[in-house]
Amino acid sequence: MKPVATYKHLEDLGRVRLSPNFFMRDFLYSEIAAWNGMRNVPDFPDAAVEVGMRLCSELLEPLQATFGRIAIRSGYRSPEVNRFGNVHKLNCASNEAN
């Protein structure tokens, strides 16, 4: 998958099903990005989808099956958004620590 360059491409990425109960769009929303007018999209969409599928199948789906519905609030944070959040003390680790 090419880097996200259009809204249509972002919409298509968001519709990728990661597991029976999770879509990529569940992970792309960021309050920090929305409030500050920043893009929060992965530079490497294929890698983000691959890692997201693994996270969902190995951790989130079993947790949801055991405890009930899980709501994702910040599943992916771009380096730009993460850096901004770290500098402004918004509970984001430094990019180097990630």
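Please refer to the structure higher up on the page.
Basis of the calculations
Residues numbered from 1 in each chain as written. Predicted model: local features only at pLDDT ≥ 70, side-chain atom pairs only at ≥ 80, totals over all residues. Heavy atoms only, no water. 1 Å grid on protein atoms, 1.4 Å probe; cavity = no way out; pocket = protein on both sides within 12 Å on 5 of 7 lines; lining within 4 Å. Points joined across faces, edges and corners; volume = space filled by probe spheres on them. Helix = DSSP H or I, 4+ residues; strand = E, 2+ residues; numbered from the N terminus. Nonpolar A, V, L, I, M, F, W, Y, C, P; charged D, E, K, R; others polar. Salt bridge = Lys/Arg side-chain N within 4 Å of Asp/Glu carboxyl O. Buried < 20%, exposed > 50% of the residue type's maximum accessible area, 1.4 Å probe, protein only.

Enquirer: With reference to specific residues and values, describe the layout of surface pockets.
Expert: Quantified by volume, the largest pocket comes out at close to 300 Å³. The wall of the largest pocket is formed by 15 residues, among which Leu10, Leu28, Tyr29, Asn40 and Val41 lie closest to the centre. Of all the elements in the fold, those that place two or more residues in the lining of the largest pocket are α1 (7-14), α2 (25-28) and α3 (31-36). Sorting elements by how many residues they give to the lining of the largest pocket places α1 first, with four residues. Here the lining of the largest pocket is composed, by residue class, of eight nonpolar, three polar and four charged. Its volume calculated, the second largest pocket comes out at about 210 Å³. As for the second largest pocket, its lining consists of Met24, Phe27, Ala47, Ala48, Val51, Gly52, Leu55, Ser74, Gly75, Tyr76 and Arg77.

Enquirer: How would you explain the pattern of salt bridges if you had to name every residue and give the values?
Expert: In total, this model carries four salt bridges according to the counting rule given. When the shortest N-O distance is used, the salt bridge between Glu11 and Arg15 registers 2.8 Å. Among the ionic pairs, Arg54 bridges to Glu58, the shortest N-O distance being 3.0 Å. Of this pair, Arg54 and Glu58 both sit in helix α4 (residues 45-67), four residues apart, which is roughly one turn of that helix. A residue is classified by how much of its surface remains accessible, and Arg54, at 55% relative accessible area, is exposed. We classify Glu58 as exposed; its relative accessible area is 54%.

Note that all results are geometric; they support no functional claim without further evidence.
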